[in-house]
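Tertiary structure, described
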Amino acid sequence: MRALIADDEAHLREYLESQLKTVWPELRVVARAANGIEALRMIDEEAPDVVFLDIRMPGLTGLDVAAKLVDSPKPPHIVFVTAYDQYAVEAFEHSAVDYLLKPANIERLEKTVGKLKARLKPSSGEAAVPAAALQALLAQLTAGGVPAPAPTAAPLQWIRASHGEETRLIPIDDVIYFQSNDKYTSVFVADGESLIRTPISKLREQLDEQQFWQIHRSVIVAARHVAGTRQDFRGRLMVQLKGRPEQLVVSRNYVDLFRGM
């Protein structure tokens with residue numbers, strides 16, 4: 001099993017890791033994050049089975065990170081690490097997603113590990129996906145709960161994008177791939193790159209998921225332009241495009257798209 005620990009206090013990250021080594025020696029901590037943004041990036045890159053999330057972190061809170069993970073293909077099991085009072089802790093005692101009151105003592109951590117092991121036990125060859133449980137806990141932790149998904153709109157057909165000093169109207173069928181680029185999203189077509197202000201997370205909601213595949217938190221590629229895949233010298237899965245030299249990295253969370261290719 002693989003885990004990530006996210007806490008803005010280094011000594012608390014180290015303390016939790018040392019406690020985990022005692023109660024769950026076979027667990028491997030593969031990443032440590034000091035803020036929510038760093039945690040989200042590392043989760044995407046490492047695809048841990050379990051994430052220990054401090055609730056109050058700079059950049060993005062633990063709740064913000066968890067909310068973004070709900071829509072992931074295989075969201076990790078999340079344990080919130082909190083400094084809340086005991087009444088809040090008791091309210092989530094029977095939640096499908098656990099919590100720890102920091103600093104976590106060995107006895108409490110053993111209970112958490114027991115719950116995680118039970119949920120991570122293979123069932124029909126696969127661990128249970130905790131998305132529904134995560135949504136339920138987020139609904140309890142946030143004042144208004146998790147908003148209901150918006151009604152499905154028709155897939156995007158055209159994109160208005162900036163190309164130098166001009167504005168282009170790009171047919172969606174001409175797009176090869178999208179890539180997040182700081183405050184913008186780059187739109188790559190056969191004759192160059194244009195920019196739009198729509199975040200890639202919002203853009204994904206407007207695309208036909210059968211025609212556009214998200215292969216990384218920051219990359220969505222048009223399926224018809226995928227020529228194949230290969231592994232690079234670091235063992236990463238790379239998407240090769242038809243008639244183009246660049247190759248796109250597939251993060252661990254999305255490699256299942258290409259099983260059998």
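The model shown is predicted, which means the values in this text are computed figures rather than measured ones.

Criteria and thresholds
Residues numbered from 1 in each chain as written. Predicted model: local features only at pLDDT ≥ 70, side-chain atom pairs only at ≥ 80, totals over all residues. Heavy atoms only, no water. Helix = DSSP H or I, 4+ residues; strand = E, 2+ residues; numbered from the N terminus. Buried < 20%, exposed > 50% of the residue type's maximum accessible area, 1.4 Å probe, protein only. Contact = heavy atoms within 4.5 Å. Areas by Shrake-Rupley, 256 points an atom, 1.4 Å probe, with all protein chains shown as cover. Pairing = 2+ DSSP bridges. Axes fitted to C-alpha atoms, helices over the stretch in contact; angles between N-to-C directions. Salt bridge = Lys/Arg side-chain N within 4 Å of Asp/Glu carboxyl O. Parallel < 35°, antiparallel > 145°, perpendicular 65-115°, else oblique. Left-handed = near helix turned anticlockwise from the far one by under 90°. Nonpolar A, V, L, I, M, F, W, Y, C, P; charged D, E, K, R; others polar. Polar contact = N/O pair within 3.5 Å; in protein donor to acceptor, adjacent residues only side chain to side chain. Expected span 1.5 Å × (residues − 1). Arc of directions from axis to C-beta.

In this section: the overall build of the protein chain. A count of helices and strands for the protein chain gives 7 helices and 15 strands. For the protein chain, the proportion of its 261 residues judged to be buried stands at 44%. Nonlocal contacts in the protein chain, meaning residues at least 24 apart in sequence, comprise 53% of its contacts between residues at least 6 apart. Within the structure as shown, the protein chain displays about 14,300 Å² of accessible surface, and the carbon and sulfur contribution to it stands at 50%.

Moving on, we get to the sheet that holds strand β4 (residues 77-82). What the 5 strands build is an open sheet, ordered β2-β1-β3-β4-β5; its pairing is parallel. Of all the strands in the sheet, just β2 (28-33) and β5 (99-101) have a single pairing partner and so form its edges. Neighbour-to-neighbour, the strand axes of this sheet turn through a mean angle of 20°, independent of strand direction.

Once that is clear, we can look at the pattern of salt bridges. Inspection of every chain in the model, using the stated rule, returns 11 salt bridges. When the shortest N-O distance is used, the salt bridge between K74 and D256 registers 2.6 Å. Of this pair, K74 sits in the loop between α3 (62-69) and β4 while D256 sits in the segment after β15 (247-250), and the two are 182 residues apart along the sequence. Notably, a salt bridge pairs E246 with R244, separated by 2.8 Å at the nearest N-O pair. Judged by its relative accessible area of 21%, R244 is partly exposed. Put simply, E166, R168 and D191 are held in one network by salt bridges that share partners.

What follows concerns the packing of helix α2 (residues 36-46) against α3. The contact between α2 and α3 brings their axes to 9 Å, and the two run at 30°. Considering the angle they form, α2 stands roughly parallel to α3. Relative to α3, the crossing made by α2 is right-handed. Of α3, the residues touching α2 (which contributes G36, L40 and I43) are V65, K68 and L69. By residue class, the composition of the contact of α2 with α3 is 4 nonpolar, 1 polar and 1 charged.

One can find R108 in helix α5 (residues 106-120). Here the side chain of R108 touches T112 through a polar contact of 3.0 Å, side chain to side chain.

Before going further, it helps to examine helix α1 (residues 10-23). Taking 1.5 Å as the rise per residue, α1 with 14 residues should run 20 Å; its terminal C-alpha atoms sit 20 Å apart, in good agreement. Residues L12, R13, L16, E17, Q19, L20 and V23 constitute the buried set of α1. The buried residues of α1 all sit within an arc of 165° when viewed along its axis, so they share a single face. Exposed residues pointing more than 90 degrees away from the buried face of α1 are listed as H11, E14, K21 and T22. Here the buried face of α1 lies against β1 (2-6), β2, β3 (50-54), β4, β5 and α5.

The analysis is restricted to geometry; functional conclusions fall outside its scope.
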